[in-house]
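Here is how the chains run, residue by residue.
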Amino acid sequence: MTDVPPDASMGSGLTPPAPADYAGIALPSSLDATGAGDAQFAASASPSSYLPPGYMVPGSSPYLPPPPSGTARLHRTGHNGVIAIVSAILIVVGSAGAVYAALHTGGGTAITGSVPANVPVTGSSIPTAPPAPASTDTVVTPFATVFVPNGFSVTDQGSDYIVLTPDGAGDEAVGVQAEPLTSTTTDAELDQALLAGDRQNGDPSAAFCKAKPATSTQVVGSGGDIAAHAISVCENVTPTGGAAFAAEDGYVDAVAKGSDGKYKAVFFEILAPIGQYQAFANSLPAALFTQTVFTDASPLP
Amino acid sequence: MTCDHCGKQVPDAVFCTNCGAHQGLAGDAIAAQERPQHFAAHPGEHVSQPSVLSTLFPHLGHQKLHEFRTAFLLGVATIVVLVATGLIVAALLVSIFLVPTLYLVSLYEAQVYRNEPALVLGATLVGGIILGLVVTVLADHIIGISLRTSTGPILGYTVLLPVIQLIVMPLPALVLRSRPQFGETIDGLVFGVAAGLGFSIAESFVHYSRVIADEGVQTNSASWIYPMVSLAVLVPLMHGSTAGAIAATLWRPSRGGSGRWVSYLGIPMALIAVVAFYAGGHILVSHDTAPLLVLFFQGAIVLSVIVYIRHLVHHALLEEGRDLGYRAIVCAHCHHHVMAAGFCPSCGAALAASPRRETGAAPVAVVAADATAGART
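For clarity, every value in this text was computed on a predicted model and none was experimentally measured.

Chemist: Requested: an account of the overall build of chain B, with residues and values cited.
Modeler: From N to C terminus, chain B includes 13 helices and two strands. Considering chain B as a whole, with its 377 residues, one finds that 59% of them fall into the buried category. By sequence separation, contacts in chain B at least 24 residues apart represent 70% of the contacts at least 6 residues apart.

Chemist: An account of the nonpolar core is needed here, citing residue identities and associated values.
Modeler: In terms of nonpolar packing, the biggest core is built from 186 residues, with Val266 of chain A together with Ala91, Val94, Ala194, Val305, Leu317 and Cys344 of chain B touching the most fellow members. Looking at this core element by element, the count peaks at 16 residues for helix 4 (residues 88-110) of chain B. Apart from the residues lying within four places of it in its own chain, the contact partners of Val94 of chain B are Leu90, Val93 and Gly94 of chain A together with Gly75, Thr78, Ile79 and Leu82 of chain B.

Chemist: Account for unusual backbone geometry, with residues named and values stated.
Modeler: With the exception of glycine, most residues fall at negative phi, and the peptide bonds are largely trans. Residue and element names in this part refer to chain B. Here the phi dihedral of Gln111 falls at roughly 50 degrees; this positive angle occurs in a residue that is not glycine. With respect to the helices and strands, Gln111 occurs in the loop between helix 4 and helix 5 (117-143). The class of Gln111 is partly exposed, set by 15 C-beta atoms lying within 10 Å. Backbone geometry at Arg114 places phi at a positive 55 degrees, although glycine is not the residue there. Turning to its location among the elements, Arg114 is positioned in the loop between helix 4 and helix 5.

Chemist: So what about helix 4 of chain B? Which residues, and what values?
Modeler: Note: α-helices contain 3.6 residues per turn, so residues at a spacing of three or four share the same orientation. Residue and element names in this part refer to chain B. Taking 1.5 Å as the rise per residue, helix 4 with 23 residues should run 33 Å; its terminal C-alpha atoms sit 33 Å apart, in good agreement. The largest bend in helix 4 is about 40 degrees, located at Leu98, with the proline Pro100 one to four residues further on. Across the 23 residues of helix 4, 21 count as buried, placing the element largely inside the fold. Looking one or two residues past helix 4, Gln111 carries a phi angle of roughly 50 degrees, positive in sign.

Chemist: Go over the packing of helix 4 of chain B against helix 8 (residues 185-207) of chain B with me, naming the residues and quoting the values.
Modeler: Residues and elements named next belong to chain B. The interhelical angle for the contact between helix 4 and helix 8, taken along N-to-C directions, is 155 degrees, at an axis separation of 10 Å. Compared by their axis directions, helix 4 and helix 8 come out roughly antiparallel. The hand of the helix 4/helix 8 crossing is left-handed. Here Ile96, Val99, Pro100, Tyr103 and Leu107 of helix 4 come into contact with helix 8, specifically with Val193, Ala194, Leu197, Ile201, Ser204 and Phe205.

Chemist: Please give an account of the pairing of strand 4 (residues 161-166) of chain A that cites residues and values.
Modeler: Residues and elements named next belong to chain A. Taking burial as the measure, the six residues of strand 4 include five buried ones, the bulk of the element. Count of turn residues in the strand 3 (residues 152-157)/strand 4 antiparallel hairpin: three residues. Summarising the sheet, strand 4 and strand 5 (residues 173-180) pair through four bridges and their orientation is antiparallel. Opposite Val163, over in strand 5, you have Gly175 as the bridge partner.

Chemist: Kindly report on the packing of helix 4 of chain B against helix 10 (residues 225-251) of chain B, identifying the contributing residues and their values.
Modeler: Residues and elements named next belong to chain B. Where helix 4 meets helix 10, the axes come as close as 9 Å, and the angle between the chain directions of the two elements is 20 degrees. Classed by the angle they form, the pair helix 4 and helix 10 counts as roughly parallel. The two elements helix 4 and helix 10 cross, and the hand of that crossing is right-handed. Seen from helix 4, the contacting residues are Ala91, Ser95, Ile96, Leu98, Val99 and Pro100; seen from helix 10, they are Met228, Leu231, Ala232, Pro236 and Leu237. Partitioned by chemical class, the residues of the contact of helix 4 with helix 10 number ten nonpolar, one polar and no charged.

Rules of the game
The residue numbers shown here count from 1 along each chain, following its written sequence. All chains are assigned letters beginning with A, and all ligands numbers beginning with 1, in the order in which they are written. Note on the predicted model: pLDDT of at least 70 is required for a residue's local features to be given, and 80 or more for side-chain atom pairs to be given and counted; whole-chain, interface and lining totals, by contrast, use all residues. The helix count covers DSSP runs of H or I at least four residues long, the strand count covers runs of E at least two residues long, and both are numbered beginning at the N terminus. Put simply, a residue is buried when 20 or more other C-beta atoms lie within 10 Å of its own C-beta and exposed when 12 or fewer do; between those, it is partly exposed, and each C-beta is set from the backbone. It is the C-beta atoms, placed from the backbone, that decide contacts: two residues are in contact if theirs lie within 7 Å. Nonpolar core, as used here: buried Ala, Val, Leu, Ile, Met, Phe, Trp, Tyr and Cys residues forming one set through C-beta atoms within 7 Å. Expected helix span is given by 1.5 Å per residue-to-residue step, counting one fewer step than there are residues. Bend, in this description, refers to the angle at a residue between axes fitted to the seven residues ending there and the seven starting there. The axes used here are C-alpha line fits, helices contributing only the stretch in contact, and every angle between their N-to-C directions lies in the interval 0 to 180 degrees. To sort the angles, those under 35 degrees are grouped as roughly parallel, those over 145 as roughly antiparallel, those from 65 to 115 as roughly perpendicular, and the leftovers as oblique. A clockwise turn of the near helix away from the far one marks a right-handed crossing, whereas an anticlockwise turn of less than a right angle marks a left-handed crossing. In short, DSSP must find at least two bridges between two strands for them to pair. Just so you know the grouping, Ala, Val, Leu, Ile, Met, Phe, Trp, Tyr, Cys and Pro go in nonpolar, Asp, Glu, Lys and Arg go in charged, and all remaining residues, Gly too, go in polar.

Next comes the structure, spelled out in structure tokens:
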């Protein structure tokens, strides 16, 4: 049965029905049955004066009696049917997501693994994996001479940083960077500063990955090998444009000293989706770390 | 009576059923003819009222609109609960599907596709999904990611990509432009919104595919609430409203009438909005603005597009509703059973913004009289 208010059925005569007072709908004086409009309506009530062509039925008004049974219903969905349909769909979708997440308890809760296999470890000059074929591609920047592994391209570069990404796309990337320090003087402080930077610039919930404590390593400066830390930050990365993914952000970072006596941070940054991080990090050739030389960077005394 | 504005003989009612003008306001032509107090798709609202649902779901009456609003709020509440309990993947999926599901149900409820559901849904929603997949995957591969704030990727993601999306998103809807049964501007709006929402589904899936694939049950999920609100509400509304605005602008058969200035603003308005949405949002984030303020900023931009669409649709409905034939209908908005042409004489709702089905029937007396009149002629 079509949902028609009772007043709609009253309008088959010349006298217009008393329309419902719907919000926002003003009534003209001619339809204001309780006011002075009565007299005005009566004076101009000749049917031929207001009935439209094709509707020349004396005594009719725009208001019709309820439509006969069998007329199409006004709404295709029943009362609160929309809520029921949408809720059912969202419950199915949400349940599927919850079940999938439960069956694929991925990186967010249990990060295991180690620092990149080919990052040189203090006290050991032998990489744990065979070195990659030598690359003839070396990029000289103001802050470092950067070894570009085979299969990598420079996709972004500035005065104090460079970004290398593997050919063929993907979300993996390696950054090499140097920047001056003001108050930070130790590798441990630099670790915290890098984590704070990730929290500030990306994911407020970023944290050092569980089961991946800082490891001692070294980077190469123009003044010699510099003691460094290898750390991993687990976070949700949302690059500009919204391509968000759960990622592991590994740093091989060190505090170095310039020829002017000022401290500077020199570091590698290895970013990859959390499921692919370890494989990506391990695929990086040792030469990336041993043949990249930071300019004007010496070990701390 | 004779309408104050179009001069036609029409039933004596609040609104002229031929041109939609508000009767009894002869002294104020704008208030009467353009009736800004009564949005043509939802007469209880002002044209400039930033109401999202009554703008993007123009075919729904008051009662159904209320149900959709309730369903939307239930969906948002569900997302909040899922985030709070650490079910990030479930929350993501609900966020991605919430608004498109509502829209799909609204298309069914109002039967906007007439008798061609496969064609319309295939061209708009599915077309939008396919284009969204292609554009998003290509963009991620071409623009790539950056480990730090640098000019290239920022310009790519905040200016270049949104402009490309703006060009691509309405294309599936425009395929239907040549179909004679979909000739009204409001059809262009609805189809454009549907295509934009399809695009939004694909884009969100690509962007969050890593999270969906890798994320387990999160214990620290507080930081997800802002991205989730953006994903569930702002991004689909931005895509849907801009695609709808452009499709509706290009859909209009003419650029004349009282709303001609509105037609010319469609594309520039959408361009400014998407660049402001993404670039402005990025600038705010890079200046350490609170995430809630960034959401408010982006929400304000979405609402500005919504208000523009309302003006565009309002003028289009008033112009395109003229000179239609009389028929008996049950108005979806005020529920009166009336004899109407282009507008409900009782509440002023444009019939083009009503469900696409015959919902009334002429009383026997009228039918008999028409038959008699026809026999005489």
